[in-house]
Structure formats: C-alpha cells, structure tokens
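# Secondary and tertiary structure notes
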Amino acid sequence: MIKLGVNIDHIATLRQARREDFPSPVKAMAVCEKAGADSITTHLREDRRHIQDRDVFEIKEAMRTKLNFEMAACEEIVNIALKLQPYSVCIVPEKREEITTEGGLDVKGQKVHLAEVVKRLKDKGIIVSMFIDPVKEQIETCADIKADAVEIHTGKYANLFKISKENAAEELNNIKNAASLAKQCGLIFNAGHGLDYDNVFDICSIENLNELNIGFSIIARAVFDGLETAVFEMKKILSNY
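Now for a look at the structure at hand. Remember, it's a predicted structure, so these values are computed and weren't measured experimentally.

This brings us to the side chain of E151. By the secondary structure assignment, E151 is in strand β6 (residues 149-153). An unpaired buried charge is present at E151: no salt bridge exists, and R45, the closest side chain of opposite charge, is 12 Å distant. Reaching out from E151, the side chain makes a polar contact with the side chain of N213 at a distance of 3.0 Å. Each residue touching E151, except ones within four places of it in the same chain, is listed here: E70, C90, S129, M130, F131, I132, N190, A191, G192 and N213.

In this section: helix α10 (residues 216-225). Restricting attention to buried positions, one finds in α10 the residues S217, I218, I219 and A222. G226, located one to two residues past α10, shows a positive phi value of around 95 degrees.

Moving on to helix α6 (residues 136-144). Residues three or four positions apart in an α-helix share a direction because the helix packs 3.6 residues into each turn. Among all positions of α6, only Q138, I139, T141 and C142 are buried. The buried residues of α6 occupy an angular sector of 160 degrees when the element is viewed end-on, so they sit on one face. Just downstream of α6, K146 is the residue with a positive phi angle, here 70 degrees.

Judged by pairing direction, the barrel is parallel, and its eight strands sit side by side in the order β1-β2-β3-β4-β5-β6-β7-β8 before closing back on the first. The mean angle between the axes of side-by-side strands here comes to 25 degrees, regardless of whether they run parallel or antiparallel. As paired elements, β6 and strand β7 (residues 188-192) share five bridges and run parallel to each other. Paired with E151 across the bridge in β7 is N190.

Here R15 is to be found in helix α1 (residues 9-18). Reaching out from R15, the side chain makes a polar contact with the side chain of Q16 at a distance of 2.8 Å. Within the structure, R15 has its side chain in polar contact with the backbone oxygen of H50 (distance 3.4 Å).

Once that is clear, we can look at the pattern of salt bridges. Taken as a whole, this structure holds 16 salt bridges when the rule is applied. Across the pair K235 and D38 runs a salt bridge, and its minimum N-O distance is 2.5 Å. Here D38 lies in the loop between α2 (25-34) and β2 (39-43) and K235 lies in helix α11 (residues 227-238), a separation of 197 residues in the sequence. The exposure class assigned to K235 is buried, which follows from its relative accessible area of 14%. Measuring nitrogen to oxygen at the nearest pair gives 2.8 Å for the salt bridge that ties E76 to R48. With a gap of 28 residues between them, E76 in helix α4 (residues 75-84) and R48 in the loop between β2 and α3 (53-62) connect regions that are remote in the sequence. What you see here is one network of salt bridges that share partners, running through R48, D53 and E76.

On to the pairing of β6, then. Most of β6 is tucked away: five of the five residues are buried. A two-sided burial pattern is seen for β6, the buried positions comprising A149, E151 and H153 on one face and V150 and I152 on the other. Note: strand β5 (residues 127-132) against β6, four bridges, orientation parallel. Considered in β6, the bridge of S129 is made with A149. Since β5 and β6 lie parallel, the crossover through α6 that links them has a hand, and here it is right-handed.

With five of five residues buried, β2 is to be regarded as a mostly interior element. Side chains of β2 alternate between two faces, with S39, T41 and H43 and I40 and T42 buried alike. Pairing geometry for strand β1 (residues 3-7) and β2, over three bridges, is parallel. Across the sheet, G5 pairs through a bridge with S39, a residue of β2. The pairing of β2 with strand β3 (residues 66-71) spans five bridges and is parallel. The residue bridging S39 from the neighbouring strand is K66, located in β3.

How each quantity is defined
- Residues numbered from 1 in each chain as written.
- Predicted model: local features only at pLDDT ≥ 70, side-chain atom pairs only at ≥ 80, totals over all residues.
- Heavy atoms only, no water.
- Helix = DSSP H or I, 4+ residues; strand = E, 2+ residues; numbered from the N terminus.
- Buried < 20%, exposed > 50% of the residue type's maximum accessible area, 1.4 Å probe, protein only.
- Lys, Arg positive; Asp, Glu negative; His and termini not counted.
- Salt bridge = Lys/Arg side-chain N within 4 Å of Asp/Glu carboxyl O.
- Polar contact = N/O pair within 3.5 Å; in protein donor to acceptor, adjacent residues only side chain to side chain.
- Contact = heavy atoms within 4.5 Å.
- Arc of directions from axis to C-beta.
- Pairing = 2+ DSSP bridges.
- Axes fitted to C-alpha atoms, helices over the stretch in contact; angles between N-to-C directions.
- Right-handed = clockwise from strand over helix to strand, strands pointing away.

Following this line, the structure appears as structure tokens:
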C-alpha cells in the first residue's frame, strides 16, 4: 500500500497571515494522524514564511507517526535538523521569491556539498531523501552521494494534467522511468507536489512507489469538508494501490 505523508505547512500559512497563535500545526498533525496519515511533512523555510522553529519541535514531541522534515541544504537548517532528529529529511531547492517549490534540486551541480550534508544527517540515523525532477543524471547522482531516497517532483505533471490527461502523458512516463531507475539504484521512490484528488490516480499506479507527500490540496479541501475527512479521503484513494 502506498503511504501518505501529509504536509501541514499551510495550516501555519493561515496562522502567520494574522500572526496569531492559531490554527495550531500541532493540532493539525494530530487530526491527520487520526485520519490515517502515515507521516507528517513540514518545511522549515529559511524565511520562516509559515512553519516556525518551535512548530517542528512541538510536532516531533507530540506525534505518534513519523516526521518528514523538508529543508534547504544551508548550514542553519542542517544544524536544526541534526538537533531535531526527525525520522527523515527531504532536501529541497529554495528561493525566497518563489510562492512554492518550483522544481527539483540540482544534485549533480551541488554534488560535493550535498554529499557532505547527506553524510552528516545519516550519521545521526536520519533517512535522507532528495527532491528532484525525473532526470536520469539526478537520480544516479543521488545514489552516488548515498542518499536513501528520492522524491520526484510531480509539479510539471500536475500542471499539464490541468490542460488534459493526454498532455500529461509524456511527463507521467518520465516519472515511471524515474521509478524504475531509482529501484535499480537502490533508492526508495517517493513523489509529491501539486497532487490532488483528480490527478493522483495515475501516479498511484506507478510501480515501486513508496509514499506520496501531499499538502495544499488536502488543506484546501479541509476548508469545506474538515481536515479529518480530507485526509481520510486521500488515504482511501491510496489504499487501493
């Protein structure tokens, strides 16, 4: 069965919009766990636009599942990860001006630096994933630097799917090929970004898929249906694969 990681960043986005102390990401985490989430994802950005330092430590302390910590490979955030010791980290690219993550990490272009970061994290027993586009050279480099997993960026697929399923077919095939290569390289294969209740089905049918990390579409549906229902409905879809 494909596991579901729920990204709760946008609970914090709503809170930070008014600089209030609610809604609470910790309470959101508990609701997601109750609804069947296999893990909880948070992204502590360098600009702290949503999730704050205290959030990740409070979530880690209160949770019953697993914390997946998204992070840039900068020294400040690496040191926080080493102190936090989440179950896993996913190293992502990060630009201050972007609304959301726009693409995969250039692991090949930052190989030396990222290899050193991966080693430091793995030495603490943390599973390390790299957020990348479905590109052969990037996957092979992830294996070279001894990452444990890749999370394939599905944002391009999701954007093409909005036009038509046919438009997304080539990118879907790229993701399938990435899954096959990741297995050959001994890497855990995860995916995420832009996935929702309409476009997730073909992604779920990809062989070797371990986990999907989904956030915005679940939080958006929760506005109308409630968070527990929104998580439960996505988990129900994944349970068929």
